[in-house]
Amino acid sequence: MTAGKRAVAVLISGRGSNLRALIDAAAADDYPARIALVLSNKPEAEGLEIARAAGIATLVIPSKGKDRAEFDAEMDAALKANGIELLCLAGFMRLLTTEFVQAWYGRMINIHPSLLPAFKGTDVHARVVASGVRFTGCSVHFVSPEMDEGPIIAQPEATAEAVAAAVLEQEHVLYPQALRLLAEGRLSIEGQRVRVKA
Ligand code: GAR
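Residues numbered from 1 in each chain as written. Predicted model: local features only at pLDDT ≥ 70, side-chain atom pairs only at ≥ 80, totals over all residues. Heavy atoms only, no water.

Structural notes on the overall build of the protein
Here's step 1: Scanning the protein from terminus to terminus reveals six helices and nine strands.
Here's step 2: In summary, the protein has a C-alpha radius of gyration of 22 Å against a globular reference of 16 Å for 198 residues, an excess of more than 25%.
Here's step 3: Counting only C-alpha atoms and orienting by the principal axes, one finds that the protein spans roughly 70 × 40 × 30 Å.
Here's step 4: Sorting the 198 residues of the protein into buried and exposed places 31% on the buried side.
Here's step 5: Taking all contacts inside the protein whose residues are at least 6 apart in sequence as the whole, residues at least 24 apart take part in 54%.
Here's step 6: Put simply, the protein shows about 12300 Å² of open surface, and 58% of that area lies on carbon and sulfur atoms.
Here's step 7: Where the 21 positive side-chain charges of the protein centre and where its 23 negative ones centre are 6 Å apart. (Helix = DSSP H or I, 4+ residues; strand = E, 2+ residues; numbered from the N terminus. Rg over C-alpha atoms; globule rule 2.2 N^0.38 Å. Buried < 20%, exposed > 50% of the residue type's maximum accessible area, 1.4 Å probe, protein only. Contact = heavy atoms within 4.5 Å. Areas by Shrake-Rupley, 256 points an atom, 1.4 Å probe, with all protein chains shown as cover. Lys, Arg positive; Asp, Glu negative; His and termini not counted. Charge placed at Lys NZ, Arg CZ, Asp CG, Glu CD.)

This is the structure:
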């Protein structure tokens, strides 16, 4: 049943795994939103196939060669024509104009792959690793005119259970690797350091 559900457009540029998660969640009868439209600025976005397979209307508005104002106005008109009430950016890799953001403020959310306010922008995971931080996560936030700056709605809770599960997954990769090195005779102990022979 769709009566009473908010009409949502998901904006994508690529793979669409977050789109898939939203589609799956919205399939439940008691979910308060329905994915009414998937809009991509890239014709080749894989997420379009996910939408089509789920029977969801898709729309491609190519952004290439268009200036921001022109592209955003086209998108805004299409969203209105489709009766869209809420927007989810899900890997939508295009900066929006202040006009567009203000028009949708409070009705447009984004997912970003870091614990904001840390690691705004692109190339997030490489910068996380290079920085040496040992813990990262994701954030869902309202979109505001400054990139990745809007009020945060949700971040994963660092519960002891969640940390334990993440660490255990690493244990199961590292321990067999270490035993392999030991069994191959490639480890030598030098004081408090262990040297691994090539
Ligand atoms: C996701 O990791 C999302 O957090 C990120 O792009 C990826 C899209 O993957 N978004 C941003 O970096 C936004 N600045 P998906 O297409 O499989 O959902």
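Some thoughts on the site of the ligand
Here's step 1: Lining the immediate environment of the ligand, one finds Arg15, Gly16, Ser17, Asn18, Gly91, Met93, Ile111, His112 and Pro113.
Here's step 2: At a separation of 2.6 Å, an oxygen atom of the ligand approaches a polar side-chain atom of Arg15.
Here's step 3: Asn18 has a polar backbone atom sitting 2.9 Å from an oxygen atom of the ligand.
Here's step 4: Expressed as a share of its isolated accessible area of 450 Å², the protein-covered part of the ligand is 84%.
Here's step 5: At a threshold of 2 Å from the grid points, most atoms of the ligand map onto the largest pocket. (Near = heavy atom within 4 Å. Polar contact = N/O pair within 3.5 Å; in protein donor to acceptor, adjacent residues only side chain to side chain. 1 Å grid on protein atoms, 1.4 Å probe; cavity = no way out; pocket = protein on both sides within 12 Å on 5 of 7 lines; lining within 4 Å. Sits in = over half its atoms within 2 Å of the grid points.)

Quick notes on the pairing of strand 9 (residues 193-196)
One face of the sheet, then the other: side chains in a regular strand alternate in exactly this way.
Here's step 1: Pairing of strand 8 (residues 187-190) with strand 9, which is carried by four bridges, proceeds in the antiparallel orientation. If you follow Leu187 over to strand 9, its bridge partner there is Val196. (Pairing = 2+ DSSP bridges.)

So, helix 3 (residues 68-81)
Here's step 1: Between its first and last C-alpha, helix 3 extends 20 Å over 14 residues, near the 20 Å set by a 1.5 Å rise per residue.
Here's step 2: In the core, the buried residues of helix 3 are packed alongside strand 1 (6-12), strand 2 (33-40), strand 3 (57-60), strand 4 (86-89) and helix 4 (98-103).
Here's step 3: Put simply, Asp67 is the residue that caps the front of helix 3, since its side-chain oxygen is 3.2 Å from the backbone nitrogen of Ala69.
Here's step 4: One or two steps after helix 3, the chain reaches Gly83, where phi turns positive at roughly 65 degrees. (Expected span 1.5 Å × (residues − 1).)

Some details on the nonpolar core
In globular proteins that are soluble, nonpolar side chains generally tend to be buried together.
Here's step 1: Counting residues in hydrophobic clusters, the biggest one holds 21 residues, and the most contacted among them are Met75, Leu79, Leu87 and Met108.
Here's step 2: Among the elements that line this core, the one with the most residues is helix 3, at four residues.
Here's step 3: In contact with Met108, not counting residues within four places along its chain, are Leu87, Leu89, Leu96, Phe100, Val101, His141, Phe142 and Val143.
Here's step 4: Ile23, Ile35, Val38 and Cys88 belong to the second largest nonpolar core, which has 16 residues in total. (Core = buried A, V, L, I, M, F, W, Y, C linked by side-chain atoms within 4.5 Å.)

Brief notes about helix 1 (residues 17-26)
Here's step 1: When helix 1 is considered as a whole, its buried residues turn out to be Leu19, Ile23 and Ala26. Considered in projection along helix 1, the buried side chains sweep an arc of 70 degrees and stay on one side of the axis.
Here's step 2: Packed against the buried residues of helix 1 are strand 1, strand 2 and helix 2 (47-53). (Arc of directions from axis to C-beta.)

Describing the layout of surface pockets
Here's step 1: Its boundaries defined by the atoms lining it, the largest pocket holds a volume of some 760 Å³.
Here's step 2: Lining the largest pocket are 30 residues, and of these Gly91, Phe92, Met93, Asn110 and Ile111 lie nearest its centre.
Here's step 3: When contributions to the lining of the largest pocket are tallied by element, the ones reaching two or more residues are helix 1, strand 5 (108-112) and helix 5 (124-131).
Here's step 4: Residue contributions to the lining of the largest pocket peak at three residues, all from strand 5. (Points joined across faces, edges and corners; volume = space filled by probe spheres on them.)

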